[in-house]
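What follows is the residue order along each chain.
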Amino acid sequence: MPRLSEVIAELDALWPPERAEGWDAVGTVCGDPAAEIDRVLFAVDPVEQIADEAGTLGAQLIVTHHPLYLRGTTTVAASTFKGRVVHGLIKHDIALHVAHTNADTADPGVSDALAGALDLRVTGPLVPDATDAGGRRGLGRICELDHPETLRDFAARAAARLPATAQGVRLAGDPDALVRRVAVSGGSGDSLFDAVRAAGVDAFLTADLRHHPASEAVQHSPLGLVDAAHWATEWPWCEQAAAQLDAISDRHGWDLRVHVSKQVTDPWTTHHSSGAPN
């Protein structure tokens, strides 16, 4: 069996921590570098139910997309919910490793997995990484559909292909407009509207679109907006990342057992459609 330090070295090669944004908190949160690893669990969120799932599986390592301590802390006391996660992980000898913005911009990255879930053909990054001479890394992806379809049908495609959440998928723009080229960005994407408009795409699929940026975007141009749940747009990365680690394990003869959590850890649990305005 490989040691944790060996597995982390391979994960860091996939998603180099130095490529994370300066405000981000990526890397190994807890774990003994010398511990042996034979089972790994991938998930979006480092929450208690994921830690419990890892314990039930007998996993010695959890890899999540979202950080546990994004803004730092002065305590890991079990009286806090994050502290309880840390206590549970250490008690059961489970390590936690985070790949966040360094996985967003990787090749392949979070948005490649999102595009793949929708059977979109990636043509390049939405916001290229200036340090990548090959032009493949960067934030978001520009994609093409094999055949044009209406914005309504494209949104329905997203709703059918992404994991089900209480929010579902929202649409802004003309539902009957034809969509040929789209931009996608896993996670919160309304800071990318300038790049999306510059790309000349017909639609933008992302998450967490706020009222004012979305309103201004649809007034600015006929761009269609497809807004899915944050968790749902990033969950496909877990399957992609697990497949990458599986390939590494096969190459080294590690015989790791790699799992992807199917627990919905999106914070929204119920949706009620509102009545029409009077």
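The structure under discussion appears in the preceding block.
This text gives an overview of the structure that appears in the document. Along each chain, residue indices are assigned from 1 in the same order as the chain's sequence is written. Selection of residues for local features in this predicted model requires a pLDDT of at least 70, selection of side-chain atom pairs for listing and counting requires 80 or more, and totals for whole chains, interfaces and linings are taken over all residues. As a convention, hydrogens and water are excluded, and side-chain values are obtained from all of the structure's heavy atoms.

Here's the deal with the environment of lysine 82
Move 1: Secondary structure elements are defined from DSSP: runs of H or I of at least 4 residues count as helices, runs of E of at least 2 residues count as strands, and each element is numbered from the N terminus. Turning to its location among the elements, lysine 82 is positioned in helix 3 (residues 81–91).
Move 2: The partly exposed category is assigned to lysine 82, whose relative accessible area is 28%.
Move 3: Separated by 93 residues in sequence, lysine 82 and proline 175 place their C-alpha atoms 42 Å apart.
Move 4: With near-sequence residues (within four places) excluded, lysine 82 lies in contact with Leu68 and Tyr69.
Move 5: Polar contact criterion, stated in full: a pair of N or O atoms within 3.5 Å, where within protein one must be able to donate a hydrogen and the other to accept it, and residues adjacent in sequence count only if both atoms are side-chain atoms. Of the polar contacts made by the side chain of lysine 82, one reaches the backbone oxygen of leucine 68; its length is 2.8 Å. Exposure is judged per residue with a 1.4 Å probe applied to protein chains only, and the accessible area is read against the type maximum: over 50% gives exposed, under 20% gives buried, and values in between give partly exposed. Two residues form a contact once any of their heavy atoms are found within 4.5 Å.

Brief notes about the side chain of arginine 137
Move 1: Considering the arrangement of structural elements, one finds arginine 137 in the loop between strand 5 (121–128) and strand 6 (138–150).
Move 2: The exposure class of arginine 137 is buried, given its relative accessible area of 13%.
Move 3: In terms of polar contacts, arginine 137 uses its side chain to reach the side chain of threonine 131, at 3.2 Å.
Move 4: Residue contacts for arginine 137: discarding those within four places in its chain leaves Arg19, Thr105, Ala106, Asp107, Pro125, Val127, Pro128, Asp129, Thr131 and Asp132.

Considerations on the layout of surface pockets
Move 1: When its volume is computed, the largest pocket comes out at roughly 1,100 Å³.
Move 2: Buriedness of a pocket was judged along seven lines, with at least five required to meet protein on both sides within 12 Å; pockets are open sets of points on a 1 Å grid over the protein atoms alone, cavities are sets where a 1.4 Å probe fits but cannot get out, and lining residues have an atom within 4 Å of a point. Taken together, 42 residues line the largest pocket, and the ones lying closest to its centre are His66, Ser188, Asp208, His230 and Glu234.
Move 3: Mapped by element, the contributors of at least two residues to the lining of the largest pocket are helix 3, helix 4 (101–104), strand 8 (178–188) and helix 9 (230–252).
Move 4: Under this grouping Gly is polar, as are all residues other than the nonpolar Ala, Val, Leu, Ile, Met, Phe, Trp, Tyr, Cys and Pro and the charged Asp, Glu, Lys and Arg. Classifying every residue of the lining of the largest pocket gives 15 nonpolar, 15 polar and twelve charged. Grid points are joined across faces, edges and corners, and a volume is the space filled by probe spheres set on the points.

Describing the sheet that holds strand 5
Move 1: Overall, mixed pairing links the six strands, which are arranged 5-6-8-9-10-7 in an open sheet. Two strands close off the open sheet at either side, each with one partner strand: strand 5 and strand 7 (169–172). Direction aside, the axes of adjacent strands within the sheet are offset by 25 degrees on average.
Move 2: Paired strands, as defined in this entry, are two strands with at least two bridges between them according to DSSP. Sheet analysis places strand 7 next to strand 10 (residues 224–228), joined by four bridges and oriented antiparallel. Bridging from a neighbouring strand, alanine 172 pairs with leucine 225 of strand 10.
Move 3: In this analysis an axis means a line fitted to C-alpha atoms, helices contributing only their contacting stretch, and an angle means the value between N-to-C directions, from 0 to 180 degrees. Here helix 9 sits on the sheet in contact with strand 8, strand 9 (203–207) and strand 10, set at roughly 90 degrees to strand 8.

So, the pattern of salt bridges
Move 1: Note on definitions: salt bridges are taken to be side-chain nitrogens of Lys or Arg within 4 Å of carboxyl oxygens of Asp or Glu. All chains considered together, the criterion is met by 15 salt bridges.
Move 2: For the salt bridge of arginine 137 with aspartate 129, the shortest nitrogen-to-oxygen distance reads 3.4 Å.
Move 3: The partner of aspartate 227 in a salt bridge is arginine 170, and the shortest N-O contact between them spans 2.4 Å. In this pair, aspartate 227 is assigned in strand 10 and arginine 170 in strand 7, connecting sequence segments 57 residues apart.
Move 4: Classification of arginine 170 as partly exposed rests on a relative accessible area of 47%.
Move 5: Counted as one network, the salt bridges with shared partners bring together Arg121, Glu144 and Asp146.

Description of helix 5 (residues 110–117)
Move 1: Counting buried residues in helix 5 gives six out of eight residues, a clear majority hidden from the surface.
Move 2: Buried positions along helix 5 lie against helix 4, strand 5, strand 6, strand 8, strand 9 and helix 9.

Points about the state of the cysteines
Move 1: When the sulfur atoms of two cysteines come within 2.5 Å, that pair is taken as a disulfide. For the structure shown, the criterion picks out zero disulfides.
Move 2: Unpaired in terms of disulfides, cysteine 30 finds its nearest cysteine sulfur in cysteine 238, a separation of 18 Å.
Move 3: You can call cysteine 30 buried: its relative accessible area is 10%.
Move 4: Not part of a disulfide, cysteine 143 finds its nearest cysteine sulfur in cysteine 238, a span of 19 Å.
Move 5: Here cysteine 143 falls in the buried class, since its relative accessible area comes to 0%.

Regarding the nonpolar core
Move 1: Judged by nonpolar contacts, the single largest core of 49 residues is most densely connected at Trp15, Phe42 and Trp237.
Move 2: Sort the elements by how many residues they give to this core and helix 9 lands first, with nine residues.
Move 3: Sequence-distant contacts of phenylalanine 42, defined by excluding residues within four places in its chain, comprise Trp15, Val63, Cys238, Ala241, Ala242, Leu245, Val258, His259, Val260 and Ser261.
Move 4: In this text, buried Ala, Val, Leu, Ile, Met, Phe, Trp, Tyr and Cys residues form a nonpolar core when linked through side-chain atoms within 4.5 Å. Ranked by size, the runner-up nonpolar core spans 15 residues in total, among them Cys30, Ala51, Tyr69 and Leu96.

Considerations on the packing of aromatic side chains
Centre-to-centre distance and the angle between the planes together describe a pair of aromatic rings.
Move 1: The pairing test for Phe, Tyr and Trp rings, Trp by its six-membered ring, is centres within 6.5 Å, and the orientation test on the planes gives stacked under 30 degrees, edge-to-face over 60, and tilted for anything in between. Under the counting rule described, the total for this entry stands at four aromatic pairs.
Move 2: Ring geometry for tryptophan 231 and tryptophan 235: centres 6.5 Å apart, planes at 40 degrees, overall tilted. Residue tryptophan 231 and its partner tryptophan 235 are both found in helix 9; the two are separated by four residues, about one turn of the helix. Both residues of the pair, tryptophan 231 and tryptophan 235, belong to the buried class.
Move 3: In this structure an aromatic cluster arises from ring pairing among Trp15, Phe42 and Trp237.

Geometric descriptors of this kind do not, in isolation, establish any biological role.
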